[in-house]
Amino acid sequence: MWARAARVLRRVALLVPLLLTALALLLLPRPPQYSPPARLPSPPPQPREEAHIQNSITEDEIQLNSINQDIEEEPRLPWFMSGGEQRPWHHDPHARLFPEDAPGDDRIVEQLTYTLPKDEEVPVKKILLANGLGTWGVAGGRTEFIRNKCPVDACTLTADAREAANADAILYKDHHIPFNVKRPPNQIWILYYLECPYHTASLRPTSLDVFNWTATYRRDSDIVAPYEKWVYHDTLFTEKEPERNYAANKTKKVAWFVSNCHARNRRLQYARQLSKFISVDIYGACGSHHCPRADPNCLEMLDKEYKFYLAFENSNCRDYVTEKFFVNGLQHDVLPIVMGARPSEYAAAAPHNSYIHVEEFAGPEELAAYLRRLDEDDTLYNSYFKWKGTGEFINTYFFCRVCAMVHANARRQRNAHYTDVQGWWRDAACTRTDWRASSRDPP
Ligand SMILES: *[C@@H]1O[C@H](CO)[C@@H](O)[C@H](O)[C@H]1NC(C)=O
Ligand SMILES: *[C@@H]1O[C@H](CO)[C@@H](O)[C@H](O)[C@H]1NC(C)=O
């Protein structure tokens, strides 16, 4: 009784600033993009049915969002950033979600801020995980979507093969696993790869033209699943003055932690060449320095002792940039030197001015000369750390995005499939030399 009265009072209190705002807006000339006046409080939520539910964002949240947009000057951070509260509140039928909507763009932020119309009942989409729930570390049912407060949460996960006959989407990891049922006409098959083409198995010839979407680290995948995703707090502010001198007290030059000494891109040969011109400490099986992998002090040396870190991938493949760069490199106070994807691909994935690509230099000798220059010029060295504190590496909520995309696809009646998914994945994707020597350009 009292709780209900308090709720009513709270709603009334909420309405006062709203009405004032609405009045003010009526008196003022209309701004070009005027958000619709907030609606009256909604009726109590309907009990949820199995098959049809209301999208989970309540009218209260919509009102709060619109109030805050009017009175706050600083935009609040979106929900997927740490401390972020801004939730999407209006359905955009033209959101750029699919590769053809925004070529060259990973669309992750757009997918995370996509939401369905609030006033519509939406069907719960069933997503079958062909490799089981454990592979993904998720629970079945709607838990994953509710727990993460996905803006589009009308999905359910299952690993039950019997659902293959009626699931809305099937997510396959690495292989096509056949189910002995007839494929429903609108069922979306998604192929997920974590590793690069050298480390993924070939599909059977009969599985080449069955997938509708891909989910990989590649930016032209339908659902891009990168190792890390950097997002600025405000895209207009991509740098600020470093709070400290990142060169202070560092006495050593280049470090590298590495265990595979036979990588296809001959990164070890490059590092050995480099070591002729500047000191390179190679830790692990391929070098003479030792630090046990599990020892946190190893990575701490990068913060305190070394100026540069070789974040060399084991393969030069399109868009292939892993934790070697994002975690060992960027998340320590050291300047990463990268080898792996093309320079333009690093530029698209990394914070502005946060690394040095080996292909910016003719070869190891020239690179070493530049590193020695940086070693002597603290201002120049610190210019590579101006990105720190301007944004963050976000959780990209893979399953929230899968759910949003399955719904969006149905609303748009989009139809797409890969006629040869292996060709897409492998052809011209990797090079054994550096990218300059290979004439292969991304299509
Ligand atoms: C460098 O070393 C000095 C003396 O040990 C210490 O006071 C200072 O905080 C260190 N600076 C940094 C940036 O670590
Ligand atoms: C999915 O792919 C299959 C096989 O390539 C195709 O027949 C079907 O129309 C596609 N469906 C959607 C919803 O894109």
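Residues numbered from 1 in each chain as written. Chains lettered and ligands numbered in written order. Predicted model: local features only at pLDDT ≥ 70, side-chain atom pairs only at ≥ 80, totals over all residues.

Per an unreviewed UniProt entry, the protein goes by the name Fucosyltransferase and belongs to Pararge aegeria aegeria. Entered under Subcellular location (unreviewed entry) in the UniProt record, the comment concerning the protein runs "Golgi apparatus, Golgi stack membrane". Recorded in UniProt for the protein, the comment headed Sequence similarities (unreviewed entry) runs: "Belongs to the glycosyltransferase 10 family." (UniProt positions renumbered as here; feature names shortened; annotations may be inferred.)

Caption draft 1: Examining the sheet that holds strand 9 (residues 252–257) more closely. On the basis of which strands lie adjacent, the open sheet formed by 5 strands has the order 10-9-11-13-14 and parallel pairing. At either end of the open sheet lies a strand with only one pairing partner, and these are strand 10 (280–283) and strand 14 (356–357). Pairing analysis gives 5 bridges linking strand 11 (residues 306–312) to strand 13 (residues 335–339), with the strands arranged parallel. Bridging from a neighbouring strand, A311 pairs with V338 of strand 13. Relative to the sheet, helix 5 (residues 267–274) contacts strand 9, strand 10, strand 11 and strand 13, its axis offset from that of strand 10 by approximately 145°. (Pairing = 2+ DSSP bridges. Helix = DSSP H or I, 4+ residues; strand = E, 2+ residues; numbered from the N terminus. Contact = placed C-beta atoms within 7 Å. Axes fitted to C-alpha atoms, helices over the stretch in contact; angles between N-to-C directions.)

Caption draft 2: Structural view of the nonpolar core. If you look at the biggest cluster of nonpolar residues, it comprises 92 residues, and the most contacted ones within it are I127, L171, I190, Y309 and C403. Ranked by residue count, the leading element in this core is helix 11 (residues 398–412), at 9 residues. (Core = buried A, V, L, I, M, F, W, Y, C linked by C-beta atoms within 7 Å. Buried ≥ 20, exposed ≤ 12 C-beta atoms within 10 Å, placed from the backbone.)

Caption draft 3: Looking closely at the pairing of strand 11. For strand 11, the buried fraction is high: 7 of the 7 residues fall into the buried class. As paired elements, strand 9 and strand 11 share 3 bridges and run parallel to each other. Along strand 11, the bridge assignment pairs A255 with Y309.

Caption draft 4: Structural detail: the site of ligand 2. Residues in close proximity to ligand 2 include N186, I188, D209, V210, N212, N415, A416 and H417, which together make up its full environment. Of the residues in the shell around ligand 2, the class split is 3 nonpolar, 4 polar and 1 charged. (Near = placed C-beta within 6 Å. Nonpolar A, V, L, I, M, F, W, Y, C, P; charged D, E, K, R; others polar.)

Caption draft 5: Geometry of helix 5. For helix 5, the set of buried residues is R267, A271 and L274. The arc enclosing the buried residues of helix 5, seen along the axis, measures out at 60°, which places them on a common side. Where helix 5 is buried, its residues contact strand 9, strand 10, strand 11, strand 13 and helix 9 (364–376). (Arc of directions from axis to C-beta.)

Caption draft 6: Main features of unusual backbone geometry. Positive phi values are uncommon outside glycine, yet R266 reaches one of about 55°. A positive phi angle, near 55°, is found at N353, a position not held by glycine. Relative to the elements of secondary structure, N353 occurs in the loop between helix 8 (343–349) and strand 14. A count of 14 C-beta atoms within 10 Å places N353 in the partly exposed class.

Caption draft 7: Broad picture of the environment of G363. Mapping G363 onto the fold places it in the loop between strand 14 and helix 9. Residues G363 and Q273 lie 90 residues apart in sequence; the distance between their C-alpha atoms is 8.9 Å.

Caption draft 8: Broad picture of the sheet that holds strand 5 (residues 169–173). Across the sheet, 5 strands lie side by side as 4-3-5-6-7; this open sheet has parallel pairing. Two strands in the sheet have a free side with no partner beyond their single neighbour: strand 4 (155–158) and strand 7 (213–215). Strand-to-strand twist of the sheet, defined as the mean angle between neighbouring strand axes without regard to direction, takes the value 25°. As judged from the 4 bridges shared by strand 3 (residues 125–129) and strand 4, these two strands associate in the parallel manner. Paired with K126 across the strands is T156, a residue of strand 4. Helix 11 rests against strand 3, strand 4, strand 5 and strand 6 (188–192) of the sheet, and its axis sits at about 130° to strand 3.

Caption draft 9: How the structure looks around the environment of T214. Take T214: it is sitting in strand 7. Exposure remark for T214: the 21 C-beta atoms within 10 Å place this residue in the buried category. Expressed as a C-alpha distance, the spacing of T214 and Y172, which sit 42 residues apart in the sequence, is 9.5 Å.

Caption draft 10: Geometry of the environment of D319. Assignment of secondary structure puts D319 in the loop between strand 12 (316–317) and helix 7 (323–330). Take D319: there are 23 C-beta atoms within 10 Å of it, and that puts it in the buried class. When neighbours within four sequence positions are excluded, D319 is seen to be in contact with Y217, R218, R219, A341 and E345.

Caption draft 11: A look at the packing of helix 5 against helix 9. In the contact formed by helix 5 and helix 9, the axes pass within 8 Å of each other and the chain directions differ by 55°. It follows that helix 5 is oblique to helix 9 by the angle criterion. The chirality of how helix 5 crosses helix 9 is right-handed. Residues Y270, Q273 and L274 of helix 5 lie in contact with helix 9, whose contacting residues are P364, L367 and A368. Residues belonging to the contact of helix 5 with helix 9 are distributed by class as follows: 5 nonpolar, 1 polar and no charged. (Parallel < 35°, antiparallel > 145°, perpendicular 65-115°, else oblique. Left-handed = near helix turned anticlockwise from the far one by under 90°.)

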